[in-house]
Amino acid sequence: MAREPAHAFASTLKTFKTASGKAGKYWSLKELAKQYPNVDKLPVSIRIVLESVLRNCDGQKVTAEHVEQLANWAPNAERTDEIPFVVTRVVLQDFTGVPLLADLAAMRSVAQSLGKSPKTIEPLVPVDLVVDHSVMVDHYGTPKALDLNMKLEFQRNNERYQFMKWGMQAFDTFGVVPPGFGIVHQVNLEYFARGVYKSPHDQGDPPVYYPDSLVGTDSHTTMINGIGVVGWGVGGIEAEAAMLGQPVYMLTPDVVGFELSGKLREGVTATDLVLYVTAILRGEKVVGKFVEFFGPGAASIAVPDRATIGNMAPEYGATMGFFPVDEMTLAYFKGTGRTDKEIERFEAYYRAQGLFGMPGAEGASQSSGELQYTKVVKLDLGTVTPSLAGPKRPQDRIDLGHLATKFSELYSKPNEANGFNQPADKLKLRYALPHSGETAEQEPPEPKPGAPRPEVEMAHNKPTSESAHVGDTAAHVQASGVTIGNGDVLIAAITSCTNTSNPSVMLAAGLLAKKAVEAGLTVQPHIKTSLAPGSRIVTEYLEKAGLLPYLEKLGFFLAGYGCTTCIGNAGDLAPEINEAITKNNLVGAAVLSGNRNFEARIHPNLKANFLASPPLVVAYAIAGNVMVDLMTQPVGKGKKGKDVYLGDIWPSMKEIDENLRFAMNAKAFRKNYEQIKDNPGKLWSSIKGTSGQVYDWPKSTYIAEPPFFQGFKMKPHASDAGFTGARIMALFGDSITTDHISPAGSIKESSPAGIWLKAHGVQKADFNSYGSRRGNHDVMMRGTFANVRIKNLMVPAGPDGSREEGGVTLFQPGNEKMFIYDAAMKYIEQGVPTVVFGGEEYGTGSSRDWAAKGTQLLGIKAVVARSFERIHRANLVGMGVLPLQFRGADSWEGLGLTGDEKIDVVIGGELKPQMDVKIVVHRPDGTHQEVTVRLRIDTPIEVDYYKHGGILPFVLRQLLAA
Ligand code: SF4
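Since the model is a prediction, treat every value here as computed from it, not as a measurement.

Asker: Mind showing me how you'd approach helix α30 (residues 870-878) here?
Answerer: Each α-helix turn comprises 3.6 residues. Residues three or four places apart therefore point the same way. Burial runs high along α30: 8 of the 9 residues are buried. Those residues of α30 that fall on the buried side of the exposure criterion are Ile-871, His-872, Arg-873, Ala-874, Asn-875, Leu-876, Val-877 and Gly-878. Looking at the residues trailing α30, positive phi occurs at Gly-880, about 80 degrees.

Asker: Would you explain the site of the ligand in this entry?
Answerer: Around the ligand, the structure places His-133, Ile-183, His-185, Asp-218, His-220, Ser-496, Cys-497, Cys-563, Cys-566, Ile-567 and Asn-595. Classifying every residue of the shell around the ligand by side-chain character gives 5 nonpolar, 5 polar and 1 charged.

Asker: For this particular structure, what's the right way to read the pairing of strand β33 (residues 916-922)?
Answerer: Taken residue by residue, a regular strand's side chains alternate between the two faces of the sheet. Two strands pair when backbone bridges link them, and strand β32 (residues 902-906) and β33 are joined in this way by 5 bridges, in the antiparallel orientation. Considered in β33, the bridge of Val-906 is made with Lys-918. As paired elements, β33 and strand β34 (residues 928-935) share 7 bridges and run antiparallel to each other. Within the sheet, the bridge partner assigned to Lys-918 lies in β34 and is Thr-932.

Asker: I'm lost on the sheet that holds strand β6 (residues 174-177) in this one. Help?
Answerer: The strands that make up a sheet are held in pairs by hydrogen bonds between backbone atoms, and each pair lies either parallel or antiparallel. On the basis of which strands lie adjacent, the open sheet formed by 5 strands has the order β6-β5-β4-β9-β10 and parallel pairing. If you trace the sheet from one side to the other, it starts and ends with β6 and β10 (230-233), each paired once. Ignoring which end each strand starts from, the neighbouring axes of this sheet average 20 degrees apart. The sheet contact formed by strand β9 (residues 213-216) and β10 spans 4 bridges and is parallel. Within β10, the position partnered with Gly-216 by the bridge is Gly-233. Packed on one face of the sheet, helix α7 (residues 236-243) meets β4 (89-93), β5 (127-130) and β9 and runs near 145 degrees to β4.

Asker: What is the right way to look at the side chain of Arg-773 in this model?
Answerer: By secondary structure assignment, the location of Arg-773 is in the loop between α26 (752-759) and α27 (777-783). At 6.1 Å, Glu-159 is the nearest oppositely charged side chain to Arg-773, a buried residue that forms no salt bridge. When near neighbours in sequence (up to four residues on either side) are disregarded, Arg-773 contacts Thr-701, Tyr-702, Ile-747, Leu-757, Val-762, Asp-766, Phe-767, Asn-768, Val-779 and Met-780.

Asker: Quick question: what am I supposed to make of the packing of helix α12 (residues 327-335) against helix α13 (residues 340-352) here?
Answerer: Two elements in contact, α12 and α13, have axes whose closest approach is 10 Å; the angle formed by their N-to-C orientations is 165 degrees. The angle between α12 and α13 falls in the class roughly antiparallel. Considering only the axes of α12 and α13, their crossing is right-handed. Across the interface between the two elements, Glu-327, Thr-329, Leu-330, Phe-333 and Lys-334 of α12 pack against Asp-340, Ile-343, Phe-346, Glu-347 and Arg-351 of α13. When its residues are assigned to classes, the contact of α12 with α13 shows 4 nonpolar, 1 polar and 5 charged.

Asker: What's the story with the packing of helix α4 (residues 94-113) against α7 in this structure? I'm lost.
Answerer: A pair of packed helices is characterised by two quantities: the angle between their axes and the separation of those axes. Between α4 and α7, the shortest axis-to-axis distance is 10 Å and the interhelical angle comes to 50 degrees. By the angle class used here, α4 and α7 are oblique. Note that α4 runs across α7; the crossing there is right-handed. Residues Leu-100, Asp-103, Leu-104 and Met-107 of α4 lie in contact with α7, whose contacting residues are Gly-236, Ala-239, Glu-240 and Met-243. Looking at the contact of α4 with α7 residue by residue, the class counts come to 5 nonpolar, 1 polar and 2 charged.

Asker: Sorry if this is basic, but what is going on with the environment of Pro-253 here?
Answerer: Following the sequence through the fold, Pro-253 ends up in the loop between β11 (248-251) and β12 (255-261). Judged by its relative accessible area of 2%, Pro-253 is buried. Separated by 288 residues in the primary sequence, Pro-253 and Tyr-541 place their C-alpha atoms 40 Å from one another. Setting aside its immediate chain neighbours within four residues, Pro-253 contacts Ile-46, Trp-73, Arg-79, Ile-83, Gly-288, Lys-289 and Phe-290.

Asker: Mind showing me how you'd approach the sheet that holds β12 here?
Answerer: Taken in spatial order, the 4 strands make up an open sheet running β14-β13-β12-β15, and their pairing is parallel. A strand with exactly one partner marks an edge of an open sheet, and here the two such strands are β14 (320-322) and β15 (375-380). Pairs of neighbouring strands in the sheet enclose a mean axial angle of 20 degrees, with direction left out of account. As defined by bridge partners, strand β13 (residues 290-294) adjoins β14 across 3 bridges and the pair is classed as parallel.

Each value, and the rule that gives it
- Residues numbered from 1 in each chain as written.
- Predicted model: local features only at pLDDT ≥ 70, side-chain atom pairs only at ≥ 80, totals over all residues.
- Heavy atoms only, no water.
- Buried < 20%, exposed > 50% of the residue type's maximum accessible area, 1.4 Å probe, protein only.
- Helix = DSSP H or I, 4+ residues; strand = E, 2+ residues; numbered from the N terminus.
- Near = heavy atom within 4 Å.
- Nonpolar A, V, L, I, M, F, W, Y, C, P; charged D, E, K, R; others polar.
- Pairing = 2+ DSSP bridges.
- Axes fitted to C-alpha atoms, helices over the stretch in contact; angles between N-to-C directions.
- Contact = heavy atoms within 4.5 Å.
- Lys, Arg positive; Asp, Glu negative; His and termini not counted.
- Salt bridge = Lys/Arg side-chain N within 4 Å of Asp/Glu carboxyl O.
- Parallel < 35°, antiparallel > 145°, perpendicular 65-115°, else oblique.
- Left-handed = near helix turned anticlockwise from the far one by under 90°.

So yeah, pure geometry; function would need other evidence.
This is the structure in structure tokens:
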């Protein structure tokens, strides 16, 4: 029998003991440090990755050189080496999880058609999918909202849920947390993460233990960094490879140390802190880097606050926002119901590895100075002030006291200056809503020239009751005489795992609501108010603390346990409001406790979207307009018309702390999560899934066999990589997000996807969202570049300089304007390749593999941009699309491109990571111009992926050949 080759570092396998004397083996970093003394000085996060590299060193996928390279990590070295990181597990949300499951099912079909066992395709690590992205806020402001929204969710998503049930029975290591339990990152934090793991295949005695680590198909997977778990968001394509046994490959990262000192001041929340951290780190340019927090301030903040900071790593651009494991982590594990045995093992393992404790904290085993970081950034927590961020980007932090003036300024600033480009004299006009059922025909009263402008008139003291709330998105506004104006808060949502997993800010929202109600404050009924916690635990502690009724009194009834407004599932506004906004070009506002506020994400008609802590969401719902300066003006009028100020209702830290005891109840956590198996809910239990190892692909507008393996052969077609005569599909500006490229939200009836759905018998009311239809490529291809706010700068500006919004292009030759999808189909039919040009940060935003999949299916061969977001760049390569980056100050504007040129991409010689590539621009007048760009295929393994036509065919060939 052939013997396995000896592990190159076999001597580093050691034994540790728990406090109660249980033994376990582990791959010891201290032992490795005897060969590579540098190991002791590595940032904690790098040491955790190193442990994985060491443990998985098999001489093939992971070699001794990989171990050596990482053990010798130097803080400021040039980053050319790639790390093969084998993760412990994978988490998925349903928007990305369904297409991933569809790809796995398609691979099984291929395996079967090639005469192989379908079981060849099986996740090798545990995979957990949480159904959190599908619930929408259709109903709100009523005690029935949760129930009604969930019923609608199940109606809309029945076919997807059937498919998931098929997946649960077909794959051994694939679990699903049904709708109504919570948001993936919060469930991950509260339940999935178990500290240290042992391989299910390991029969050794004692077994080998290793740290938790993961990738997730959602950018905010980094929330788990708050409990010392190394993990980040990847595209579904990479996650698929990870679950099928491929290491996640990455360039060795820089690690920025972030030293926190001091204490948060009274009245300052974890949300305020994370908005500060985001703004600071954006300035530090941490894209592609790890950020590791340390110091006494880091040690002093509770785990949920750490998780809130970890959550927003994508917003500050980092791969991770990591906090090492310490006593606080253990306390969190205890409070959330992990068993004593698990906690004991977790602590013993981390202590044995020398990884326990916050570096630089008082009494820590390691001082911060002992660890090497690429750079150290510092923040005194005492300097953080209450803030919001917006109105268009999460990194644009605004001091609470400056919001009113900021909004007023931005109202008339040009788009390029982040403004709304509106005439300043219209800022404070108010418009009557048309009566329900009627169209808004009356023109708003235009003030005569020179006459004083009407001031914003706030109706703080309107009686609010259950029935006074609209209670249904599609319903008309009941209250007569309602007017709306610029800056009006039309959506106020306590949403997003970023904050809803954090008891201190959720309790603060409840306490503020209580004081507001007691003071006689109310919320105007037409404001769409919603409470969507990230787990049922939140409801439980809000109830126990007696605060839920007060939130409800202000309209914040439970709307769902899921992402809701954060992912763009805010549901529609009342028709009268939509009409008033569009007719009068109003800049309406949303205030939400989310992490993303990109254009058209929250609601297509709301242009100003502000991220804020849950208590501020409630406060702004009461104030009703973002131009109310909450630092100097009353939030509203209370009993007997008395002015009530924010300071009157803002809860103190002491009050929040007193209520925290309701939030950490181990029994409640255990009881809740036991129900995933024991009591998943009637709606879920009634879903009938098909059985069998291979999916039979019944006709569905939700799930269809993806075309990525059509004509699959075991031998890849040799790719010559370059191409000639390509047409330009689009010329984009900076910060094109994955939401612009592949929107997640509503599907417009007149869009190519809407037209296709209607042609397939789907009524507008049943369109659901793009996100929920990611299991069907016919919808998703048509949705690519279909964001209603995307601006293709090929289309000339209008006479007033404004740009047309929506996914259109000018088909060449001839300049015929049409949908990008239609043009793509024509180009594909003619065999003409296409390219897209972008600016800075192309593909920023949520990880969204459909942004790359759709690009590929539209026949786009290359994206040329000034810079790329990390995950989207990798996804483009993973789908066989070339990311090419302009060098220095070069840009498509600099080249003078207008869209009617032809493009050659010339790759001289063998394809190599980050090589120079020539672009030749042929103009209609017969002239041509050359420019050298950098190939952003970053690693050798990516070269292989590209040569195989993408990561999926690459992995499939490996699995089928095994
Ligand atoms: S709540 Fe928002 S950030 Fe969290 S998983 Fe959902 S969409 Fe992502």
